[in-house]
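# Breakdown of the fold
Each chain, written out:
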Amino acid sequence: MKIFLSKIVILISLLGILPAFAEKHVPTAEELIQLETIGGISVSPDGKYVLYQKSRNDFDKDLNLSQLWLYDISSENHIQLTYGEKSVGGFGWAQNSERIIFARDSKVMVMHRSGGEARSLDIKQKNVSGMIFSDDGKTVSFVGSPEEDKVKDRRKDHMGDFEVIKADGGHRHIYIVKLTDDLELDGDVTAVTSGTDFSVSGYDMSADGSQVVFTATKRPDLASSFSVKLYFANTDGSDLKILDDSEKLKRSPVFSPDDKTIAYSISSGFAYNGIIHTISADGGEPKAITESFDESISPAAWTDEGIYFTASQKTNRHIFLLNPKSSEIKRVVTSDDLIVGRQSTSKSGKVIAFAAANDEQLSEIYVQNGGAAKKITTQSDQLSDFIMAKRE
């Protein structure tokens, strides 16, 4: 009897050990689609926190869910801020790094960075993204679509939801709203741009919230790409002017820290390198400052440290820092085997967060603060049971 019981104990022990020795397998398409992935990234203005998205597919509920997480650089703690069955879209920080703003379920929400109940702002524009706070935290700008389209709404009720290309419009515009110290609306939402003459494709707002620079095309479709122009306007809608109407592709405009100069990318076509140019906010001729850099680039942020951008080198992609005065370029993320995707910097430019992958890992978030970049997420643990391909 003792021998029999001993064999049972040994068998049970082996059953517990065997899964650890289970062979790895090539992942199925369904397994790959179900992997949790990293989305957007935003460093707080004071450089102490990183806000980021995690996304996953829920096949049972036919949903793709994105939730907000916060990483405390000092304590190295990760905190999930949002839950539920509604995805988070665009998001950003108030300049005091205390509160965040984000889009969710066609609403604009605000909440404290430590978590708690999110509060909805009474903003009726649709497809809101690109929220930017002024330095004093009292003005927020965003891009969205007009709140009403009675023809489309009636058609949707009668025939279902669809879009007629080049006929339905879908133009996107810049809006601003004033906020109280408690982040309540202080007055109505104001349209900085409007109408059907152009659709905003990218923009930036000055630190004091009084000016915007933006690129816009005639229509929000690929066929209109070469109609893109660079515009400048005051946020009260006055002094709208074209800074660059050349027949070239233009994208990613950003203000300099003093708001006197604008950097943006120009290319002669989809197959040509994007070259960073600068132009005065008052107008004038654009000046190319990265002609010697043989890769396609766009400015990501202009800080006191300089202009940050990402660019490919052979089969990898890295973060670079450009001195706009001397045109000197240096690589600021030193790892050779990373393919950098999204990136964000603190207001000073000294703290950098970015998402990067390579042939052995999923996209992970890294933080660099004066030294080597440190990986802060462990998304690639999901691959432990899979046989992975090798990059040649």
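As a starting point, this report considers the structure included with it. (Residues numbered from 1 in each chain as written. Predicted model: local features only at pLDDT ≥ 70, side-chain atom pairs only at ≥ 80, totals over all residues. Heavy atoms only, no water.)

### Brief notes about the overall build of the protein
This is how it is decided: Elements are defined by DSSP. Helices are runs of H or I of four residues or more, strands are runs of E of two residues or more, and each kind is numbered from the N terminus. With a 1.4 Å probe rolled over the protein chains alone, any residue whose accessible area is under 20% of its type maximum counts as buried; one over 50% counts as exposed, and the rest are partly exposed. For this analysis, residues touch if any pair of their heavy atoms sits within 4.5 Å. Here the open area of atoms and residues is found with the Shrake-Rupley method and a 1.4 Å probe, where only the protein chains shown may cover a residue. We treat Lys and Arg as the positive residues and Asp and Glu as the negative residues; His and chain ends play no part in the count. Charge positions come from single atoms, namely NZ of Lys, CZ of Arg, CG of Asp or CD of Glu.
Across its full length, the protein carries three helices and 28 strands. Referenced to the eigenvectors of the C-alpha coordinate spread, the extents of the protein come out at roughly 95 × 55 × 40 Å. Taken over 392 residues, the protein has a buried fraction of 44%. Counted over contacts in the protein with a minimum sequence separation of 6, partners at least 24 positions apart contribute 38%. Just so you have it, the protein exposes about 21,100 Å², and 49% of that area is on carbon and sulfur atoms. Across the protein, the 45 positively charged side chains and the 57 negatively charged ones have centroids separated by 2 Å.

### Considering the packing of aromatic side chains
Quick reminder of the rule: The aromatic pairing rule takes the rings of Phe, Tyr and Trp, using the six-membered ring of Trp, and pairs them if the centres are within 6.5 Å, calling planes under 30 degrees apart stacked, those over 60 edge-to-face and the rest tilted.
What the rule picks out here adds up to 10 aromatic pairs. Their ring planes at 20° and their centres at 5.5 Å tell us that phenylalanine 142 and tyrosine 175 sit as a pair that is stacked. Of this pair, phenylalanine 142 sits in strand β10 (residues 139-145) while tyrosine 175 sits in strand β11 (residues 173-178), placing them 33 residues apart in sequence. On the accessibility criterion, phenylalanine 142 (1% relative accessible area) is buried. Residue classification places tyrosine 175 among the buried positions, given a relative accessible area of 6%. Taken together, a centroid distance of 5.7 Å and an interplanar angle of 40° make the contact between phenylalanine 198 and phenylalanine 214 tilted. Remark: phenylalanine 214 occurs in strand β14 (residues 211-217) and phenylalanine 198 occurs in the loop between β12 (190-191) and β13 (199-205); sequence separation between them is 16 residues. Like phenylalanine 214, phenylalanine 198 is buried.

### As for the nonpolar core
Stated precisely, the cut-off is as follows: Buried Ala, Val, Leu, Ile, Met, Phe, Trp, Tyr and Cys residues form a nonpolar core when they are joined through side-chain atoms within 4.5 Å.
One finds Ile101, Leu121, Met131, Phe133, Val140 and Leu179 to be the most contacted residues of the largest nonpolar core, which totals 16 residues. Of all the secondary-structure elements, those providing two or more residues to this core are β6 (99-104), β7 (107-112), β9 (126-133), β10 and β11. Looking at which element gives the most residues to this core, the answer is β9, with three residues. Ignoring anything within four residues of it in the chain, the contact list for leucine 121 reads Ile101, Val108, Val110, Leu179, Leu183 and Leu185.

### Section: the sheet that holds β13
What counts is decided by this rule: At least two bridges found by DSSP between two strands are what make those strands a pair. Angles shown run from 0 to 180 degrees and are taken between the N-to-C directions of axes, each axis being a line fitted to C-alpha atoms and, for helices, limited to the stretch in contact.
Overall, antiparallel pairing links the four strands, which are arranged β13-β14-β15-β16 in an open sheet. The two strands at the open ends of the sheet, each matched to only one other strand, are β13 and β16 (241-244). Strand after strand, the sheet turns through a mean of 30° between neighbouring axes, direction not considered. Where strand β15 (residues 229-234) and β16 come together, three bridges link them in antiparallel fashion.

### Observations regarding the pairing of β14
For β14, the tally of buried residues reaches six of seven residues, placing the bulk of the element in the interior. Two strands pair when backbone bridges link them, and β13 and β14 are joined in this way by six bridges, in the antiparallel orientation. Bridging across to β14, tyrosine 203 finds its partner in phenylalanine 214. Counted along the chain from β13 to the antiparallel partner β14, the turn is five residues long, and its residue glycine 209 has a positive phi close to 75°.

### Describing the pattern of salt bridges
The condition that has to hold: Here, a salt bridge means any Lys or Arg side-chain nitrogen found within 4 Å of an Asp or Glu carboxyl oxygen.
Counting across every chain of the model gives 10 salt bridges. Residue arginine 56 pairs with aspartate 58 through a salt bridge whose shortest N-O separation is 3.9 Å. Its salt-bridge partner being glutamate 305, residue lysine 350 comes within 3.1 Å of it at the nearest N-O pair. Here glutamate 305 lies in the loop between β21 (301-303) and β22 (306-313) and lysine 350 lies in the loop between β25 (339-345) and β26 (352-358), a separation of 45 residues in the sequence. The class of glutamate 305 is partly exposed, set by a relative accessible area of 35%.

### Remarks on the sheet that holds strand β17 (residues 249-255)
With respect to topology, four strands assemble into an open sheet ordered β17-β18-β19-β20, the strand pairing being antiparallel. Two strands bound the open sheet, and with one partner strand each, they are β17 and β20 (287-288). Sheet analysis places β17 next to strand β18 (residues 261-267), joined by five bridges and oriented antiparallel. By the bridge assignment, leucine 249 is partnered in β18 with serine 267.

### Focus: unusual backbone geometry
In the Ramachandran plot, aspartate 239 falls in the positive-phi region, its phi being about 60° despite a non-glycine side chain. Mapped onto the secondary structure, aspartate 239 falls in the loop between β15 and β16. For aspartate 239, a relative accessible area of 42% corresponds to the partly exposed category. A positive phi angle, near 65°, is found at aspartate 259, a position not held by glycine. Residue placement: aspartate 259 occurs in the loop between β17 and β18. When its relative accessible area of 15% is taken as the criterion, aspartate 259 is described as buried.

### Re the environment of aspartate 105
Checked against the element boundaries, aspartate 105 lands in the loop between β6 and β7. Exposure remark for aspartate 105: the relative accessible area of 41% places this residue in the partly exposed category. Here the alpha-carbon distance between aspartate 105 and glycine 160, two residues 55 residues apart in the chain, equals 19 Å. Each residue touching aspartate 105, except ones within four places of it in the same chain, is listed here: Lys86 and Ser87.

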